[in-house]
Amino acid sequence: CFFVFFFFFFFKQKTAYEIMPSLVGSEMCIRDRSIPVRTLNAEGKKLLASNKVLLGPELQEKEMGGEKITQRFINQLLRPKDSACRKLDRLFPFTKDQILVLTYECIEVVKAEPTVVKVTIPVKVFGDFHGQYQDMMRFFELWRSPIESIHGGDIESYDYLFLGDYIDRGTNNLEVICLLMALKVKFPRQIHLLRGNHEDHAINRVFGFAEECEERLDDDIDDDNSVFQTINFLFDLLPLAAVVEERILCVHGGIGATLKSVADLEKIERPVEIVHEVKTALDQLLIDVLWSDPTENDQELGIHNDAARDPYDTGYIVKYGPDRVENFLRENNLTMIIRGHECVMDGIERFAKGQLITVFSATDYCGKYKNAGGALFIQKDYQIVPKLIYPVDMDKELHWMEQKKSQTPPNWKDNPNDKSFG
């Protein structure tokens, strides 16, 4: 298993995951390999109405038995050994009011951050989890979790950077997002949450998160004060990018056609909603950062419309070539881009001669691709250590939202009833 994946990671060309054969087995394998960076480089909307009654400290203590709500979520959800490979109860262990309390606390933390956060090394970088809570727990079980060392974690030693797409398509969106919110509140300087294209109410209303809120919480998703709406307001506040030690740009999708500099992102004021019918330069910039992908390989240069994600050929979603990556890095005095967004068979994939790396952390995406899940650990000496997990045999009942897992890309036409967002 080790040698097969060693070969593919270092020598394969970029390949669309839709047409890749299954390369991974059902057992979980582990790979740990160090790679030096030098080698890889050859308030627009108000949250609450004035008459809204907040859940204050008294209610928090009453509901949580005197225990701080953030710690209660962490104690319940950060249990790698118990949760990594077992079926979870569909009954969520927290009430809507408790989730709202946590979300309000996280909003207060996130809204104080800049649009581009500064991250120091060492740092662990994770790609899309898409509600696959068990995969997150497997990473945390194998390579320690974001908690104090006295509890077996390494938060004193590592920052944690998540590149977005925490929800949708998977079966445990609430576990993933609630745990990340709790960790962000407890460790605001060590936990970094970026926005992905699924952190958008128009997308996650269709691809699973809304339905999970309805089913597991009896949440009225059309109520402005619902869990669904409140968490989506948090999403509108999330930072759009991170820069690691002034060297590495981390975003969800990429640089597209219009991102010229990191300063372009720093100027964006939040909260900001994603406009899918692009009308302004800002609308297009947001689509580029959240939706764009690299081209299929290093030989495909320039900017191209992405037919898979944009079948109506609007030009809003593009692919960018290695030449675009090289020019952007040179003009911004950076050495690398790390991004998520795209399911890649080996969990991690190099592009532009290693100057861009895609990382995708959810295994067996949508229950059909048998892909590995990856993470990147950037060490103090700037070496990058890939960490991979592989699919395990899980109860098919876990894929309770199969009808929501179409790979059809977004429909940019004026059709409010269309559900082909991807």
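The structure this text deals with has already been given above.
It should be emphasised that the depicted structure is a prediction, and the values quoted were computed from it without experimental measurement.

This part takes up the pairing of strand β4 (residues 123–126). Here β4 shows no split at all, with Val123 and Val125 on one side and Lys124 and Phe126 on the other all buried. Bridging between β4 and strand β5 (residues 159–162) involves four bridges; their strand directions are parallel. For Val125, the partnering residue across the bridge sits in β5 and is Leu161. A crossover connection joins β4 to the parallel β5 through helix α7 (residues 133–143); in handedness this β-α-β unit is right-handed.

This paragraph deals with unusual backbone geometry. Along the chain, Ile121 connects to Pro122 via a cis peptide bond; the corresponding omega equals 0 degrees. Residue placement: Pro122 occurs in the loop between β3 (116–119) and β4. The peptide bond linking Arg270 to Pro271 adopts the cis configuration, its omega dihedral lying at 5 degrees. Look at Lys353: it is not a glycine, yet its phi comes out positive at around 55 degrees.

Attention now goes to the side chain of Ser145. Here Ser145 is to be found in the loop between α7 and β5. Non-local contacts of Ser145, meaning those with residues more than four positions away in its chain, are made with Leu78, Phe140, Gly152, Gly153, Asp154, Ile155 and Tyr160.

A separate point is the sheet that holds strand β12 (residues 336–339). Taken in spatial order, the six strands line up as β3-β7-β8-β12-β14-β13 in an open sheet, and their pairing is mixed. The outermost strands of the open sheet, each flanked by one partner alone, are β3 and β13 (348–351). Going from strand to strand, the sheet's axes swing by 20 degrees on average, the running direction of each strand aside. With three bridges connecting them, β12 and strand β14 (residues 356–359) associate as parallel partners. Bridge assignment links Ile337 to a residue of β14, and that residue is Leu356. Across the sheet, helix α14 (residues 322–331) lies against β8 (248–251), β12, β13 and β14, angled at about 120 degrees from β12, the strand it touches most.

Let's shift gears to the nonpolar core. Grouped together as the largest cluster of nonpolar side chains are 61 residues, with contacts concentrated most on Phe140 and Phe162. Among the elements that line this core, the one with the most residues is helix α8 (residues 173–186), at ten residues. Among all residues touching Phe140, those that are not within four sequence positions of it are Leu78, Pro80, Phe126, Ser145, Pro146, Tyr160, Phe162 and Leu179.

The next subject is the environment of Asp135. Mapped onto the elements, Asp135 comes out in helix α7. For the pair Asp135 and Gly373, spaced 238 residues apart in sequence, the C-alpha separation works out to 7.9 Å.

Turning our eyes to something else, we now look at α8. Every α-helical turn comprises 3.6 residues, leaving residues that sit three or four positions apart pointing alike. Here α8 contains 14 residues, and its C-alpha end-to-end distance of 20 Å stays within 8% of the 20 Å for a straight helix at 1.5 Å per residue. Where burial is concerned, most of α8 is hidden: 13 out of the 14 residues are buried.

With that out of the way, let us pick up the packing of aromatic side chains. Summed over the entire model, instances satisfying the criterion amount to 17 aromatic pairs. With a centroid separation of 6.5 Å and an interplanar angle of 65 degrees, the aromatic rings of Phe126 and Phe377 are classed as edge-to-face. Of this pair, Phe126 sits in strand β4 while Phe377 sits in strand β15 (residues 373–378), and the two are 251 residues apart along the sequence. Given a relative accessible area of 5%, Phe377 falls into the buried group. With a centroid separation of 5.9 Å and an interplanar angle of 40 degrees, the aromatic rings of Phe139 and Trp143 are classed as tilted. Residue Phe139 and its partner Trp143 are located together in helix α7, separated by four residues, close to a single helical turn.

Read across the sheet, three strands follow the order β9-β11-β10 without closing on themselves; strand pairing throughout is mixed. Both edges of this open sheet fall to β9 (293–294) and β10 (303–305), since each of them pairs with a single strand only.

Another point: α14. For α14, the complete set of buried residues consists of Pro322, Arg324, Val325, Phe328 and Leu329. The arc that holds the buried residues of α14, viewed along the axis, is 155 degrees, so those residues lie on one side. Set apart from the buried face of α14 by more than 90 degrees, the exposed residues are Arg330 and Glu331. Downstream of α14 by one or two residues, Asn333 has phi in the positive range, about 55 degrees.

With that settled, consider the pairing of β8. Side chains of β8 alternate between two faces, with Ile248 and Cys250 and Leu249 and Val251 buried alike. In the sheet, strand β7 (residues 241–244) pairs with β8 via three bridges, with the strands oriented antiparallel. Directly across from Val243, in β8, lies its bridge partner Leu249. Taking the residues that link successive antiparallel strands as the turn, the β7-β8 hairpin has three residues, and the phi of Glu245 there is positive, at about 50 degrees. Pairing analysis gives four bridges linking β8 to β12, with the strands arranged parallel. Bridging across to β12, Ile248 finds its partner in Met336.

Turning our attention to the packing of helix α4 (residues 69–77) against helix α6 (residues 96–110). Helix packing geometry: the angle between the two helix axes and the distance between the axes. At a minimum axis separation of 10 Å, α4 and α6 run at an interaxial angle of 110 degrees. The angle between the axes of α4 and α6 places the two elements in the roughly perpendicular class. Where α4 crosses over α6, the handedness of that crossing is left-handed. Facing α4, whose interface residues are Ile69, Thr70 and Phe73, α6 presents Gln98, Ile99, Val101, Leu102 and Glu105. When its residues are assigned to classes, the contact of α4 with α6 shows five nonpolar, two polar and one charged.

Here we come to the packing of helix α10 (residues 209–217) against helix α11 (residues 227–237). The contact between α10 and α11 brings their axes to 10 Å, and the two run at 140 degrees. Accordingly, the angle class assigned to the pair α10 and α11 is oblique. Here α10 runs over α11; the crossing is right-handed. Here Phe209, Ala210, Cys213 and Leu217 of α10 lie close against α11, whose contacting residues are Val227, Phe228, Ile231 and Asn232. Looking at side-chain class alone, the contact of α10 with α11 contains seven nonpolar, one polar and no charged residues.

Quick notes on the rules
- Residues numbered from 1 in each chain as written.
- Predicted model: local features only at pLDDT ≥ 70, side-chain atom pairs only at ≥ 80, totals over all residues.
- Heavy atoms only, no water.
- Buried < 20%, exposed > 50% of the residue type's maximum accessible area, 1.4 Å probe, protein only.
- Helix = DSSP H or I, 4+ residues; strand = E, 2+ residues; numbered from the N terminus.
- Pairing = 2+ DSSP bridges.
- Right-handed = clockwise from strand over helix to strand, strands pointing away.
- Contact = heavy atoms within 4.5 Å.
- Axes fitted to C-alpha atoms, helices over the stretch in contact; angles between N-to-C directions.
- Core = buried A, V, L, I, M, F, W, Y, C linked by side-chain atoms within 4.5 Å.
- Expected span 1.5 Å × (residues − 1).
- Phe/Tyr/Trp six-rings, centres within 6.5 Å; stacked < 30°, edge-to-face > 60°.
- Arc of directions from axis to C-beta.
- Parallel < 35°, antiparallel > 145°, perpendicular 65-115°, else oblique.
- Left-handed = near helix turned anticlockwise from the far one by under 90°.
- Nonpolar A, V, L, I, M, F, W, Y, C, P; charged D, E, K, R; others polar.

None of this, on its own, says anything about what the molecule does.
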